[in-house]
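Understanding the architecture of this molecule
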Amino acid sequence: MADQTAGRFITEPERQIPVLAETDILVIGGGPAGTAAAIAASRTGAETYLVERYNHLGGLWTGGLVLPLLSTHAIDKQKNRKQVIFGIGGEMAKRLKDLGMSINEINPVVDPEAAKYVLEEMIREAGVKMLYHTWGTNVIMDGNTIKGVFVESKSGRMAVLAKIVIDCTGDGDIFHLAGDNYDVMNYAIGLVHRLGNVDRINTAKPGYVKMIVGNPTPIASVNWYNMWEKKTRMPLIS
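Residues numbered from 1 in each chain as written. Predicted model: local features only at pLDDT ≥ 70, side-chain atom pairs only at ≥ 80, totals over all residues. Heavy atoms only, no water.

Let's shift gears to the layout of surface pockets. Its boundaries defined by the atoms lining it, the largest pocket holds a volume of some 1,500 Å³. In terms of lining, the largest pocket is formed by 46 residues, of which the most central are Gly59, Leu60, Trp61, Thr169 and Gly170. In terms of residue count, the dominant contributor to the lining of the largest pocket is strand β11 (residues 184–195) (five residues). Here the residues of the lining of the largest pocket sort into 26 nonpolar, 16 polar and four charged. Put simply, the second largest pocket is a space of about 270 Å³. Secondary-structure elements contributing two or more residues to the lining of the second largest pocket are α3 (87–98) and β5 (102–103). Each residue belonging to the lining of the second largest pocket can be placed in one class, and the counts come to five nonpolar, seven polar and three charged. (1 Å grid on protein atoms, 1.4 Å probe; cavity = no way out; pocket = protein on both sides within 12 Å on 5 of 7 lines; lining within 4 Å. Points joined across faces, edges and corners; volume = space filled by probe spheres on them. Helix = DSSP H or I, 4+ residues; strand = E, 2+ residues; numbered from the N terminus. Nonpolar A, V, L, I, M, F, W, Y, C, P; charged D, E, K, R; others polar.)

Set out below in structure tokens:
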């Protein structure tokens, strides 16, 4: 049976969109990059809003359980590992280490809930104005310049005007909405999860079969494991 909705459209009535705020800096996306950008901007004295679609900061690092903080070190010409991440990323790592919620000096593995807490504390201390459960849905343009972003939440559709808009969505949603193109790239798809009670595995029990149980986390009995498949082809924006 043919799709009866093919080629049909609905015209949405014109409506007035309330302006939620007019600010100096608007950051869309509260992953590690967006959080760091918002903190850095706010620390300079610029009024800063941070928009995040979920209920926490950290993106895939925390909510996606991609727990290593990459890449804190690089290899110099003498083949020695040298720390290359400092600044706000270094502050995040140090705070988690001080809480006992980080292991390994190089590319430390963190506890995701502790990382959410640390990022929340850092934006609060910096004075960032936070909008959770909020999507950036379209851009407000003046020629080739982004003047603001339409956002949507349980409160409805509103506009945030800004002198500078920073796209930290991960997929470049705001760039794309403003008219930029996107690339198709190869990615690895992983099923990332945590396994509990790994310290209780009885290797002496009859029938025991050695299996991969992931890598340690700051919680003694909990490992994290990434089951991933190479050569998966995904568009940045579909």
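As summarised here, the arrangement of the six strands in space is β7-β2-β1-β10-β9-β8, forming an open sheet in which the pairing is mixed. In the strand order of this sheet, the two ends are held by β7 (129–131) and β8 (135–142), each with one partner. Across the sheet, the mean angle from the axis of one strand to that of its neighbour is 40°, orientation sign disregarded. Sheet topology places strand β1 (residues 19–28) next to strand β10 (residues 156–167); eight bridges connect them, and they run parallel. Bridge assignment links Val27 to a residue of β10, and that residue is Ile166. (Pairing = 2+ DSSP bridges. Axes fitted to C-alpha atoms, helices over the stretch in contact; angles between N-to-C directions.)

Bear in mind that shape data such as this cannot, by itself, settle questions of function.
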